[in-house]
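Here's the letter readout for the chains.
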Amino acid sequence: VVVADKGMNCSRNIDLLCSQGDGYVFSQILKGTKGKRYQEALFAQEGWQEAEDGSYKWKLLTEEYQGYDISFEMQDGQKTEKKKAVRRQRKVLLYWSRADAEMAAKKREEKRKKAEKSPKNNAYGIVYGKDRYIKEETILKETGEVLDERQTAKVSAVDREKAEKDALYDGYFAIITSEMDYDAAKIREVYHGLWRIEESFRIMKSDFDARPIYLNKREHIRAHFLICFLALTIYRFLEKKLDSKYTCEELLNTLKSMNFAEI
């Protein structure tokens, strides 16, 4: 079962996984065109289950969707792809967290304040996220009347309507999975294991110097990553054996300080 965030969640990736008999647990966007099909259920009052303290609520749906069985075959020395339309089912977990909602509201308010300052003095750059709530309007300079772009110049203004629309999604998330036997708790448990994958990438790139790559030949590059992967595997075994008491850096420093002699 492949676990990934929104960046991996496209129809083709899902079809490829299902075609080879694997499953998936992916986060799903709730805004825009891709998330539109879940918005009615998201904002409907019925069907939600709520924690006793009101800090968390969830809704579990079953969705049928159009997919493809993808296979490959060789023809005249070339690999060709074959697709066959199929109907599949998956579970959709919608949930809301008060802590995440409060964090989202705080971040949006910070962006809104920076956006209000930006049209006045352009004091903040795009790295601060203020451009999310900036829009350009065409106005008559003498009166401030909004006109069409043929009549006068454009100016920046705070897009309060966009900020209000974003606020509707504060704290809400969606996860989709092919595993029909998973309940809501299991879906969240599996998805939240994603941090360990992200941690592995960080260890590979930092402690094991997987990147940047100072190699040119394909076989050398593959060997380099194989060594890094084996090192990561050994590290994970050590971590588990030592009850996760030590960080990767501590384990590596200890190993580097050891000397061995064959007797």
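Residues numbered from 1 in each chain as written. Predicted model: local features only at pLDDT ≥ 70, side-chain atom pairs only at ≥ 80, totals over all residues. Heavy atoms only, no water.

1. Observations regarding the nonpolar core
Formed by 19 residues in total, the largest nonpolar core has its most connected members in Ile14, Tyr24, Phe26, Leu30, Leu42, Leu94 and Ile176. For this core, the secondary-structure elements that each account for two or more residues are α1 (11-19), β2 (24-28), α2 (32-43), β5 (78-97) and β8 (172-177). The contacts of phenylalanine 26, once residues within four sequence positions are left out, are Val2, Val3, Ala4, Met8, Asn9, Ile14, Leu17, Ala174, Ile175, Ile176 and Tyr191. One finds Val25, Tyr95, Ile175 and Ala184 within the second-largest nonpolar core, a separate group that totals 12 residues. (Core = buried A, V, L, I, M, F, W, Y, C linked by side-chain atoms within 4.5 Å. Buried < 20%, exposed > 50% of the residue type's maximum accessible area, 1.4 Å probe, protein only. Helix = DSSP H or I, 4+ residues; strand = E, 2+ residues; numbered from the N terminus. Contact = heavy atoms within 4.5 Å.)

2. Notes on α1
Note: α-helices contain 3.6 residues per turn, so residues at a spacing of three or four share the same orientation. Taken as a whole, α1 has its buried residues at Ile14, Asp15, Leu17 and Cys18. In an axial view of α1, the angular spread of the buried residues amounts to 165°, which keeps them on one side of the axis. Turning to α1, the residues buried within the fold contact β1 (2-4), β2, β4 (56-75), β5 and β8. Trailing α1 by a residue or two, glycine 21 shows a phi angle of about 85°, which is positive. (Arc of directions from axis to C-beta.)

3. Some remarks on the pattern of salt bridges
Scanning the entire structure with this criterion turns up 13 salt bridges. Of the charged contacts, one joins arginine 88 and aspartate 15 as a salt bridge, the two residues approaching to 3.0 Å between their closest N and O atoms. A residue pair is termed long-range when its members are at least 10 positions apart, and arginine 88 in strand β5 and aspartate 15 in helix α1 qualify at 73 residues. Here arginine 88 matches aspartate 15 in class, with each residue buried. A salt bridge links arginine 87 to glutamate 64; the shortest N-O distance between them is 3.4 Å. Placement of arginine 87 in strand β5 and of glutamate 64 in strand β4 is noted, with a sequence separation of 23 residues between them. Each of Arg196, Glu199, Arg236 and Glu239 takes part in one network of salt bridges that share partners. (Salt bridge = Lys/Arg side-chain N within 4 Å of Asp/Glu carboxyl O.)

4. What about the sheet that holds β4?
Read across the sheet, 6 strands follow the order β1-β2-β8-β5-β4-β3 without closing on themselves; strand pairing throughout is mixed. At either end of the open sheet lies a strand with only one pairing partner, and these are β1 and β3 (49-50). Alignment of β3 against β4, held across 2 bridges, turns out to be antiparallel. Residue pairing for β4: glutamate 50 is matched across the bridge by lysine 57. Each of β2, β4, β5 and β8 is contacted by α2, which is oriented at about 30° to β5, the strand it contacts most. (Pairing = 2+ DSSP bridges. Axes fitted to C-alpha atoms, helices over the stretch in contact; angles between N-to-C directions.)

5. Section: a nonpolar patch on the surface
On the surface, Leu226, Phe229 and Leu230 cluster together into a nonpolar patch covering about 300 Å² of accessible area. As for its placement among the helices and strands, leucine 230 is situated in helix α7 (residues 218-241). (Patch = residues over 30% accessible without salt bridge, like charges linked within 9 Å, V, L, I, M, F, W, Y side chains within 5 Å. Areas by Shrake-Rupley, 256 points an atom, 1.4 Å probe, with all protein chains shown as cover.)

6. Structural notes on the side chain of glutamate 239
Position of glutamate 239 among the secondary structure elements: in helix α7. The contacts of glutamate 239, once residues within four sequence positions are left out, are Arg196, Ser244 and Leu251.

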